[in-house]
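Below, each chain spelled out in residue letters.
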Amino acid sequence: MNQCTDEVTMRRSPERATSIPSEPWEDISLAKYFVVVILLLLGSMAWALYNEVYTRRPWKSFQREFFALAQRKYEKDLAEAKKALASDEYKQLRQAFNDAVSRYEKNPEVIAARKEIERIDKQLTEVRKAFQLARGDYQATIYVMERTADPGAKRRLQQEVDRMEPEVMKLLGEMESLQQKKKEQQDKLTALAQEKMDAEKKMSAFETRLRDAELGLEALKKERVKIRQVFNDDLKIVDRCQSCHVAVDRKGFDKFKQPFRSHPDVFFLPVEEEKSNGEATKVATPNGETPEPPRLKNLLAMHETEKFGCSLCHGGQGFAASSGKDAHGEVEFVLTPLRRGALVQSSCVKCHKQETELLGAPILNEGRRLVVEYGCIGCHTFAQLTPEEANRQVAPDLKEIRKKLISPQWLVNWIEQPKKFRPTTKMPHFGLTREQAVQIASYLWQNAEKPSQHAPPAATFPATQIRAGEVLVENVGCFACHAMYDKKGESNFAPHLGRIGEKLRYDYLVSWLMDPKQHQPQGRMPRLRLTRQEASNIAAYLTTKRMNRTNRTDRTNRTNNLDDPKAAAEGKLLIEHYGCSGCHPIKGMETRGKIGAELSQFGSKPVEQLDYGLLEKEVLHRVHLHHVRDNVLQARVAWAQQKLRDPRSYDRGRYRKFKDKLRMPNFGFNEKQIEAIVTFLMGLTDEKIPAEWQSRLDERQEAVAKGLRIIRRQNCIGCHQLKLETLTFARDNGKTYHLEGATKIEEQGTIFFQLWKDLPALGRKANEMQPVPDPEHPTDKILSRTPGWGGDIVPLLIDQWVKKARLAPEEARTYAPPMLIGEGRKVQPPWLFDFLKEPVILRPWLQVRMPTFDLSDEDAAAVVRYFAAVDGGTFPYRRVLEREPAYIAAKRQADPTYYARALRMMTSEDIKCFSCHVRGSQKPEGNPSDWAPDLSLAQRRLQPEWIVAWLKNPSGLYPGTKMPQFPFGEFQHLFPGSAEQQMTAIKDLIMSGQLSAPMVASAKR
Amino acid sequence: MRRLVMPFVGCVLVVAWCGVAFAGDITGTVKYKGTPPAPKKLKPNKDTHVCGTAERPSEELIVGPGGAIKNAVLYIEKAPGTVTPKKAELDQKKCVFLPHVQVVPAGSTLTLKNGDPVLHNIHFYCLKNTPINQGIPKGGKPINVPLQRAEEIKIGCDAHKWMSAYVIVRDNPYYAVTGADGKFTIKGVPAGKYKLTIWHETLGKKSVDVTVPASGAVTQDFELSK
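Small disclaimer: the values here were computed from a predicted structure and weren't measured.

Caption draft 1: Region of the structure containing the overall build of chain B. Looking only at helices and strands, chain B has two helices and 19 strands in total. Expressed along its principal axes, the backbone C-alpha trace of chain B runs to roughly 70 × 50 × 30 Å. Counting over 226 residues, chain B shows a buried share of 48%. Of the contacts made within chain B by residues no fewer than 6 positions apart, 63% connect residues no fewer than 24 positions apart. Surface summary for chain B: the accessible area is close to 10,800 Å², and the carbon and sulfur share equals 58%. If the 30 positive side-chain charges of chain B are averaged to one point and the 18 negative ones to another, these points end up 4 Å apart.

Shown next, in the form of structure tokens:
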């Protein structure tokens, strides 16, 4: 075929070569088309390049904008700082500092103290040498003695040891006293240097401002426009967020618009403040080769952005840098959209599983607490909760309802509509019909223990008994947990008692009050060690707590009969259906599992699995979404909110068989509670965070976390304040001050804040009052304020005592339960353990009672450990040298009258400890309400160091205490020596356990 | 030189006249409305060798003949002028604070003394000033306490609960304490409208508006009851 064609062509071509006209397309110039196409191509390439370099890299222009902004800011700062340095104020401060330095150097006291230290050092070297030699001999002799088999030689050596011991102890004592003296001199020097340091501090505030601005400008010069990326292979993080959010970890950009704002101070840590001061001086000394811009010291200091990135907490598509919307992940099909607002707190739970009181995440903490307290755990499983929380029995065992309730009718009403009787109850509304309520009540009634006697006819009690009960209820501390309509106090920790008289039988109440654990071993109500008489009085008072005065008992038999076995059988099915036994232990239902869905991964549950029923449009509309896929996080949040608001609304308008119907009851949560619970739920994701990146609590933190869970469970904070109020304010010298203590009064915009911790930065000591703003610095600006934690009942008791005894409010404060600030350094752990197990009366003036909680050994130890951990105390054991015979003997050896003189000081007319303090069986004069704690208990109770610190300045340790400060250092006729020696002697005497009656008697003689 | 003396004296006189002439006094009487309750009795139950055993009338409400109330404090809430700090004293004799009620200008120093041969402890219940709680042994050194901010401070002794005293700190110089006759005079108040406050330890606190004339006195009487 091919050949053939070739032949034809060859034959034709010679004659055609000249005659055939050229084809038209060979003549037409295509140049212009090519040009157009080339231009188009070039254009599109230019566009592609532009798009690639600019449009798809918006962070470039953001960074340029930021650098310009920052340049302006630092220049302004610099100008201001220079102006301030040129001001007379600074010159004066500088002069004042120089003066202070020269005064300090010339101060004869300083010179004397330095000489004294030198002298003590010399002595100390000698004594130490002697002590080491003596101890060496002593220990060698003991060693030989222990190795000797010959009893005679052993005895001889024993005598030798006994002979040597006092010498060793004497030297030890000398050494200690020399060290003590040295410390006194050093303290004196520090005190004398105070003026110098204060002046320096004031002066350096000016210089710091200049340095900050200079460093900022310097650092800015080195800045280039670049992608700023955090990469963490372990966490699977590629975050480029800081390419736009350039100022996240830079200080001073709080007021700038996004994306140029500093990461907010989520919370303020005083420790961080110290650190930042330390680092600031470090940066100042070397002539900074790579100056760092000033950085924030707060949440980010613990979660460094260069390691953790942003998206781990905030969500979003960290790697996307093409647009804000993409980066925030607020586009279709992205599984992790940005967690805006409070939702960011939900991320904490991903790594912090044990901590229930996370700093800076109050909404999350609240959500977690609600999930446990309201019994969500009864139906749903949450793998993130600690066993402590997950296994909590949140509702009472129902075996005793026949013994406890006045009428079965109450039970039916309650099951039908619990919140009708008690609006604050945690028991949810199940939406039952009357008939269903009767059926459930029948099962419960028939499966409860029968009372030994019939309900006694409603007794009336004498008014005196009722009044006595009322006084007890007000005084022993019931309102730390309970509330009543006609009394102050709003605690919702335990059931509201406003209508308790309509519910409970008198005989049950008496028995319950005397020993609640006997009735509800898993319940939280503690024993207040009431006598039968006291319990009867309280019970009589409680029976009067009714809404309507008519007695309903007589109507009981007319209404519902709960003895029908058929109804009970129906009831059983209903109880199983609604999962009542998830919260209440019910006879015959002990092995039932949880009826609800597991929620351990609810935060990443695929949205298509969420059933919105007929409400999809309505629910999504609330979060401005058209479709669930537009923002899966918001869709999930909206679904959960609706579910919590109206649990069965997703069934609305649909036909369902009874067993398929939604069963979740309505808890009547308010919007705040819903936000908190949803925040917690959204943190329950399936993300796998490697163990080494999860929060690993050290021993101390674990002790705190565990202690806090028990403290919350037992509501210790109903009575005791455990954390101080804090207030942080900024002064125009650029410094921030962090105060810990309590607001005493707020008047005309000024807060009068009593310090509980020394504040050297302001030259203030604990117990002093700091007005904020200070009248001398009217521009002081409050940055943050956190309320104290605990002591809910205190204002009620103060109010009561102000009225009852006409006291000043500050005076009445002593009648409230003590604040437990620094408890871990105050008391000995074994004592606290025993006290928690079986409290003794310590403060005779208190009417409010420390209850017996019947804590398990483990829980009691955990609480003791909590205090030790919080305050940096020891746990569980410590050596108390002052109690040991050898110590006592050495003291006696050195001075046979040591203890006697210490006692003379205590009993003298000048100090008169036992004018107020109880000492075993010996009681002070006057009313018990004016007495002070028993000092014979102190040997086992108090830490020796605390006693000295307390004697030195009681109000500094516990502002407002009744214990006065004494002028130690005087009393030379009683106990010659320094103030320190006098206080040490009293401590030694107390700790030696010699405060026994005979000795006191002999001293008096 | 001599030519300058006369105008100078003249100026001084004019200034002095201005100062004196545009100021008036506030006077009045404080009385109990109705029948006063029988005075409470305090009985020492401790350290009776010093404090004595005899019952003593409580000083919390002293009503004299005609219902005159002693120890009511009157002061002007806000007024121009600065206070001159002074030295004030609080002594203790036979387990009684002396004086029971006193007013001191802000910035003053209060010297605490113990005139009894027994330990006392002086406990300030303040909300604005730094609270002091100091034991003073018999013959102990007096203690100086600075009082910086205006407030009414109750003072007690934790060793002897029946003892009490009040120190009222004021930040302007216009105040007075009623004597046994219930009378008071606040002198030299610059003319103008003010809020006059009366404070009594058991009868509480209340305020009225007063207008002080350019010269002479304005009378403002009070009737208090529980």
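So that's the structure; there's more coming.
Caption draft 2: Summary view of the interface of chain A and chain B. On the chain B side, the residues contacting the 37 residues of chain A number 32 residues. Roughly 3,000 Å² of surface becomes buried between chain A and chain B when both sides are summed, with 49% attributable to carbon and sulfur atoms. It is A:Met769, A:Arg806 and A:Glu909 in chain A that bury the most area against chain B; as a group they hold 19% of the surface buried on that side. Our enumeration of links across chain A and chain B arrives at five salt bridges. With a closest N to O distance of 2.5 Å, B:Lys128 and A:Glu747 form a salt bridge. At the junction of chain A and chain B, the tally comes to 13 residue pairs in polar contact (both at pLDDT 80 or more). At the level of secondary structure, the elements contributing two or more residues to the side of chain A that touches chain B comprise β5 (736-747), β6 (750-755), β7 (769-772) and α32 (809-812) of chain A. Top element by residues in the side of chain A that touches chain B is β5(A). It accounts for three residues. Tallied by class, residues from the side of chain A that touches chain B come to 13 nonpolar, ten polar and 14 charged.

Caption draft 3: Representation of the sheet that holds strand β17 (residues 204-212) of chain B within the structure. Residues and elements named next belong to chain B. Here we have four strands laid out as an open sheet, ordered β14-β4-β16-β17, and antiparallel in their pairing. Of all strands in the sheet, those with a lone pairing partner are β14 (175-177) and β17, marking the two edges. Strand-to-strand twist in this sheet, taken as the mean axis angle between neighbours without regard to direction, amounts to 20°. In this structure, strand β16 (residues 192-200) lies alongside β17, joined through nine bridges in antiparallel fashion. In the strand pairing of β17, Tyr194 is matched with Val210.

Caption draft 4: Molecular detail of the sheet that holds strand β11 (residues 143-147) of chain B. Residue and element names in this part refer to chain B. As summarised here, the arrangement of the four strands in space is β6-β5-β8-β11, forming an open sheet in which the pairing is mixed. The open sheet has two edge strands with one neighbour each: β6 (96-98) and β11. Between one strand axis and the next, the sheet turns by 25° as a mean value, whatever way the strands run. Sheet topology note: the strand β5 (residues 87-93)/strand β8 (residues 108-112) ladder contains four bridges and is parallel.

Caption draft 5: Region of interest: the state of the cysteines. Residue and element names in this part refer to chain B. All chains considered together, the criterion is met by one disulfide over all chains. Note on cysteine connectivity: Cys51 is disulfide-linked to Cys95, with sulfurs 1.9 Å apart. Judged by the torsion about the S-S bond (-55°), the Cys51/Cys95 disulfide is left-handed. With Cys51 in helix α2 (residues 48-51) and Cys95 in the loop between β5 and β6, this residue pair connects regions lying 44 residues apart in the sequence. For the pair Cys51 and Cys95, a shared accessibility class is recorded, and that class is buried.

Caption draft 6: Structural detail: the pairing of strand β13 (residues 164-170) of chain B. Residue and element names in this part refer to chain B. Among the seven residues that make up β13, seven are buried, leaving the element largely enclosed by the rest of the structure. Two elements, strand β7 (residues 101-105) and β13, share five bridges in a ladder whose sense is parallel. By the bridge assignment, Val101 is partnered in β13 with Tyr166. Pairing analysis gives six bridges linking strand β12 (residues 151-156) to β13, with the strands arranged antiparallel. The partner of Glu152 across the bridge, within β13, is Ile168.

Caption draft 7: Summary view of the pattern of salt bridges. Residues and elements named next belong to chain A. In total, this model carries 81 salt bridges over all chains according to the counting rule given. Where Asp799 meets Lys803, a salt bridge forms, and the shortest distance between an N and an O atom there is 3.3 Å. Placement of both Asp799 and Lys803 in helix α31 (residues 794-805) is noted, with a separation of four residues, approximately one turn of the helix. Owing to a relative accessible area of 27%, Asp799 belongs among the partly exposed residues under this scheme. Owing to a relative accessible area of 60%, Lys803 belongs among the exposed residues under this scheme. The residue Asp988 makes a salt bridge to Lys987 at a minimum N-O spacing of 3.4 Å.

Thresholds applied
Residues numbered from 1 in each chain as written. Chains lettered and ligands numbered in written order. Predicted model: local features only at pLDDT ≥ 70, side-chain atom pairs only at ≥ 80, totals over all residues. Heavy atoms only, no water. Helix = DSSP H or I, 4+ residues; strand = E, 2+ residues; numbered from the N terminus. Buried < 20%, exposed > 50% of the residue type's maximum accessible area, 1.4 Å probe, protein only. Contact = heavy atoms within 4.5 Å. Areas by Shrake-Rupley, 256 points an atom, 1.4 Å probe, with all protein chains shown as cover. Lys, Arg positive; Asp, Glu negative; His and termini not counted. Charge placed at Lys NZ, Arg CZ, Asp CG, Glu CD. Buried area = accessible area lost by both parts, 1.4 Å probe. Salt bridge = Lys/Arg side-chain N within 4 Å of Asp/Glu carboxyl O. Polar contact = N/O pair within 3.5 Å; in protein donor to acceptor, adjacent residues only side chain to side chain. Nonpolar A, V, L, I, M, F, W, Y, C, P; charged D, E, K, R; others polar. Pairing = 2+ DSSP bridges. Axes fitted to C-alpha atoms, helices over the stretch in contact; angles between N-to-C directions. Disulfide = S-S within 2.5 Å.

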